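One-letter residues, chain by chain:
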Amino acid sequence: MKVLGIESSCDECAAAVVMDGREVLSNVVATQIPVHAVYNGVVPELASRMHTEWILDVVGKALTDAGLEPGDIDGVAAAAQPGLLGSLLVGLNFAKAFAWARDLPFIALDHMLAHLYASRLAVPGRTEEPAAYPFLGLLVSGGHSIICRADNFDDITVLGTTIDDALGEAFDKVAKHYGFGYPGGAVIDKLAKTGDSGAFRFPMPKLYKKNGVSTNDVSHRCDLSYSGLKTAVINQLEQFRVKPASGENEAADFAASFQKTAIEILLRSLFRAIEDTGLATVVAGGGAAANSLLRSRLAERKDIRCVFPPLEFCGDNGAMIAGLGYQYLSRGDRSPLTVTASARVKAFKRKYP
Ligand code: KG4
Ligand code: ZN
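Rules used in this analysis
Residues numbered from 1 in each chain as written. Chains lettered and ligands numbered in written order. Predicted model: local features only at pLDDT ≥ 70, side-chain atom pairs only at ≥ 80, totals over all residues. Heavy atoms only, no water. Domains from an automatic or database assignment. Contact = heavy atoms within 4.5 Å. Buried area = accessible area lost by both parts, 1.4 Å probe. Salt bridge = Lys/Arg side-chain N within 4 Å of Asp/Glu carboxyl O. Axes fitted to C-alpha atoms, helices over the stretch in contact; angles between N-to-C directions. Helix = DSSP H or I, 4+ residues; strand = E, 2+ residues; numbered from the N terminus. Parallel < 35°, antiparallel > 145°, perpendicular 65-115°, else oblique. Left-handed = near helix turned anticlockwise from the far one by under 90°. Nonpolar A, V, L, I, M, F, W, Y, C, P; charged D, E, K, R; others polar.

Asks: Even after reading the chapter, I still don't get the domain arrangement of the protein chain, so can you show me in this structure?
Replies: Quoted interface sizes are often the accessible area lost when the parts come together. By domain assignment, the protein chain separates into domain 1 (2-126 + 313-345) and domain 2 (135-309). Computed over C-alpha atoms only, the centres of domain 1 and domain 2 are separated by 27 Å. Taken together, the 25 residues of domain 1 in the interface contact 26 residues of domain 2. Here domain 1 packs against domain 2, burying approximately 2,000 Å² in sum over the two surfaces, 70% of which is carbon and sulfur. Taken together, the links from domain 1 to domain 2 amount to one salt bridge. Close ionic contact of Asp154 with Arg331 constitutes a salt bridge, the shortest N to O distance being 2.9 Å.

Below, the structure is given as structure tokens:
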């Protein structure tokens, strides 16, 4: 079954064709980064307008690259949540129209579940077998940071999530403040390689405390918080310096120190989830799953299996949508053409306390 997947939740206009849920026949990602980089962040109105201008060509190229005609497609999938509403609507409605015009089965799906599915995609030269359910999902992107138990492609239980900023968002905001460039994740990851991660010691959030007193409330054991770290790096940098200023390498030093703390915050919660559930397989996904420190720190844990998507499938892409879409469609699931987009998914962000 050849499924066309369309993804337009943020600043990537993407479409792909995937065969039987795994074999990627084409994967087209038209990035709007240069447009938004001028503003150091995504401008939602520009993003949705550009999606409307690009979507036809992007889908056309996905078909051409796969060597297919529109009539060869067996099903259509699109991301319907979460994301920028105006942007989501463009891809979703295009997908609906494509499916309706050819009377094809159609499914609207969750973008974060698609990130979780991304590591199951097969690309030439990749021999790693998909992880067996259940496993722990680690979903880290610009809008979300989720630690979950996954029992199936459509069945996750959120164990921990951010109570404020997402991991990628913290990278983006720090990079924006210091003018490192957009998006911030890849820039800081690169800059950090030449820095001393011990030059600054930033605080780790303490989510167990209420009015300064430790509580027995363990419901937040696996939750995450990045706003404190972000504030420390942006507004209180000097307070956290533990080594003398290194002159030219200053930016690299605080980038490395920030990245180290950001990843430690994530790992602390992830390791608690491993402890609590006894699950020893972690499947990562999302743009920030490209982070090199996250990958190397997890590789140190020889007692757990960590599965990362190939770098090209970490960020937003249509292949993960098509792959996940196949799973629903082959089970007989269909979305009505009246389905609409949703910017948020309640369970993916926690109110605190
Ligand atoms: O999944 P994605 O493409 O879009 C969303 O669904 O948000 O993720 C984009 C996010 C951005 O915040 C970007 O800064 C972050 O992923 N990112 C990284 C890295 N590469 C991209 N964060 C940390 N380290 C990286 N190497
Ligand atoms: Zn994403």
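Asks: Mind showing me how you'd approach the packing of helix α2 (residues 44-65) against helix α3 (residues 85-102) here?
Replies: Between two packed helices, both the angle of their axes relative to each other and the distance between the axes serve to describe the pair. Their axes nearest at 8 Å, the elements α2 and α3 cross at an angle of 30°. Overall, the two elements α2 and α3 adopt an arrangement that is roughly parallel. Regarding α2 and α3, the two cross each other, and that crossing is right-handed. Contact residues: Pro44, Ala47, Ser48, His51, Thr52, Ile55, Leu56, Val59 and Leu63 in α2; Gly86, Ser87, Val90, Gly91, Phe94 and Phe98 in α3. Residue classes in the contact of α2 with α3 are distributed as nine nonpolar, six polar and no charged.

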